[in-house]
Amino acid sequence: MTATEDIKWFKTQFKDEINEAIAGTPLTLDFIVALACQETGEVWPVLRAKGLPVDQIVALCVGDTLDEDGGRRAFPRTKKQLVEYNPPHGQAMFDVGHRALVDMAQHIKGYSKVAKNPDKFCHGYGVFQLDLQFFKEDPDYFLNRDYERFANTLERCVRELNGALSILGYEAKTNLTDLELVAVGIVYNTGGFTPKKGLKQGYFD
């Protein structure tokens, strides 16, 4: 769990950019910070404690190495599927993804073992973890490593959240309750929301 001081640091560091990006939406600063904790809270607090520069901290926010054998169903399910996609771009993306994993794992011990596997690569990119399934529609975002800049990862996050607001019918609202914000977070994480399931949906129940 992300510590209070880490959350305070993140909010202080990025609040102006976040507030500008969510202006005119019912989204809140606390909600965006909570997403950052959910998506890469195992990475940036460790890097912050090591005293790395902010730009480097943001650039190293990658993760999710689970392939098909770990339950992944979205593209790319395996290294082979990625490498064979739209040659030579698939191979180039694998190279970026493996390098990103190796660089991050130098600082995050939990990834050190998997980073030694030459077939492993990251599926989530940026502070807010844009999934590699979006490589098909926006390959340059990944190949050019745009996710390494906070402004870019924030813009993509807000874009997806606006889509979630639309799916839920919340786009005209000026304020959201805590439960409505949770629903937005679940759509961001899974692509949909089933009201009868309540909070028992998403990566954890």
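Whatever comes next refers back to the structure up there.
Source: prediction; values computed, not measured. (Residues numbered from 1 in each chain as written. Predicted model: local features only at pLDDT ≥ 70, side-chain atom pairs only at ≥ 80, totals over all residues. Heavy atoms only, no water.)

Undergrad: I tried to follow the packing of helix α9 (residues 150-168) against helix α10 (residues 178-190) on my own but got confused; where do I start?
TA: Taken N-terminus to C-terminus, the directions of α9 and α10 make an angle of 115°; their axes are 9 Å apart at the nearest point. The way α9 lies across α10 gives a crossing that is right-handed. Along the contact surface, α9 presents Cys157, Glu160, Leu161, Ala164, Leu165, Ile167 and Leu168, while α10 presents Ala183, Val184, Val187 and Tyr188. The residue inventory of the contact of α9 with α10, partitioned by class, reads 10 nonpolar, no polar and one charged. (Axes fitted to C-alpha atoms, helices over the stretch in contact; angles between N-to-C directions. Helix = DSSP H or I, 4+ residues; strand = E, 2+ residues; numbered from the N terminus. Left-handed = near helix turned anticlockwise from the far one by under 90°. Contact = heavy atoms within 4.5 Å. Nonpolar A, V, L, I, M, F, W, Y, C, P; charged D, E, K, R; others polar.)

Undergrad: Would you take a moment to explain the sheet that holds strand β3 (residues 130-131) for this structure?
TA: Working definition: the strands of a sheet are paired by backbone hydrogen bonds and lie parallel or antiparallel to each other. On the basis of which strands lie adjacent, the open sheet formed by three strands has the order β1-β2-β3 and antiparallel pairing. What marks the edges here is a single partner per strand, and that holds for β1 (62-63) and β3. By the bridge criterion, two bridges tie β1 to strand β2 (residues 124-125) in an arrangement that is antiparallel. Bridge pairing in β2 places Val62 opposite Tyr125. (Pairing = 2+ DSSP bridges.)

Undergrad: Whenever I open this one, the packing of helix α2 (residues 29-40) against α10 confuses me. Can you help?
TA: Orientation of α2 relative to α10, taken along the N-to-C sense of each, is 40°, at an axis distance of 11 Å. One element, α2, and the other, α10, form an angle in the oblique class. You can see that α2 and α10 cross each other, and the crossing is right-handed. Residues Phe31, Leu35, Gln38 and Glu39 of α2 pack against Leu181, Val184, Gly185, Tyr188 and Asn189 of α10. Of the residues belonging to the contact of α2 with α10, the class tally is five nonpolar, three polar and one charged. (Parallel < 35°, antiparallel > 145°, perpendicular 65-115°, else oblique.)

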